[in-house]
Amino acid sequence: MYQKSRRAFESLRDLDPYRILDMEVYSTLLWHTEKHIDLSFLAQELLSIEPRSPQTWIAIGNCFSLQKDKKQALTCFGRATQLDPGCAYAYTLAGHELVDTRIDQAINYFQSGIRADPRHYNAWCVVQLTGRRLTYTIHPGMGWVHAI
Amino acid sequence: MAQLIKTPKCVHFGRCELLGGSYLTQTLKAGSKEKKRQAVRQISPSLDSEMDDEGSAFDESNPAPVPLSRTRSPDDTSTRRQSEDPPMEIAECIVYNTMRSCARAFRAFASYDLQKCLDELEGLDAAQQRTPWVMALVGRAEYEKGDYAAVR
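All values reported here derive from a predicted model rather than from experimental measurement. (Residues numbered from 1 in each chain as written. Chains lettered and ligands numbered in written order. Predicted model: local features only at pLDDT ≥ 70, side-chain atom pairs only at ≥ 80, totals over all residues.)

A.B. asks: Looking at this structure, I do not really get the overall build of chain B. What am I missing?
C.D. replies: A tally of helices and strands in chain B yields 7 helices and 0 strands. Order of helices (α) and strands (β) in chain B, N terminus to C terminus: α-α-α-α-α-α-α. Pairs at least 24 residues apart make up 51% of the contacts formed inside chain B by residues separated by at least 6 positions. (Helix = DSSP H or I, 4+ residues; strand = E, 2+ residues; numbered from the N terminus. Contact = placed C-beta atoms within 7 Å.)

Next comes the structure, spelled out in structure tokens:
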């Protein structure tokens, strides 16, 4: 699945090299497949095209996150949310960064994400998962209902 | 709990309109949806056949459409217009069909019916499949599919 998706995104970038939209999905895809070089290349290119779009900063944040630089990654995701406070994905990724160390802050991030976009399934899934880990019962069973 | 489920639909009106519609049709109006689908199926083949007939007729009669110019006599332009009418209809058909499948694909994507979305996009013309919008949607749909498999 990832390979097909990657092929689609690669030909998309050939067709339209200046596209910013949907590039956050591509950067996360590269993060999942651990393509360090491609991800940093993508982040550099997006930064040179448009430094004021949240997608750019999400890509940069993913890049730092892949290099285990959590602090820088958080700064980047924070900048993405400053550029577009409705960007639920940036909140979710910031939450993912913090989920191992500061789980209370992570939950705050996920909830901000849900507030920004109540239909963002990633945030709901993770709230449910972290909720299970902490026996955190604000929305019992709601996470999966929303996610599915 | 019921309130919490309802709120997102009110807040994000544009996007949830699609989802809400699909939920409604799935749960409440299953019968009427089937009828609609049948109606669409009945319409679309007729449109296609009409399109093909006219396309072949047009190709035989005048292969290259000449643009209108003001120097021609009124009679000449009127005949020219008449002969150009079928191509306009064909163009409209093509545009409507393309828009319809794009909209169906995006609606399927919005309700995370990803295989349906990909099938719809496969059905587009080769030229349309090379557009950035379609490529991006294919990429996102494949990505979400992979994600789901991993989660499950």
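A.B. asks: Teacher, can you tell me more about unusual backbone geometry here?
C.D. replies: Negative phi values dominate among residues other than glycine, just as trans dominates among peptide bonds. Residue and element names in this part refer to chain A. The phi dihedral of D22 is positive, around 70°, even though this residue is not glycine. Locating D22 in the fold gives a position in the loop between helix 1 (2-15) and helix 2 (23-32). On the basis of neighbour counts, which here come to 19 C-beta atoms within 10 Å, the residue D22 falls in the partly exposed class. Positive phi, close to 55°, is recorded for E34, a residue that is not glycine. Locating E34 in the fold gives a position in the loop between helix 2 and helix 3 (36-49). With 9 C-beta atoms packed within 10 Å, E34 lands in the exposed category. (Buried ≥ 20, exposed ≤ 12 C-beta atoms within 10 Å, placed from the backbone.)

A.B. asks: Help me understand the environment of B:L137, please; the structure alone is not making it clear to me.
C.D. replies: All names here are of chain B. Within the secondary structure layout, L137 lies in helix 7 (residues 132-151). On the neighbour-count criterion, L137 (23 C-beta atoms within 10 Å) is buried. Linking L137 and F109, residues 28 residues apart in sequence, is a C-alpha distance of 8.2 Å.

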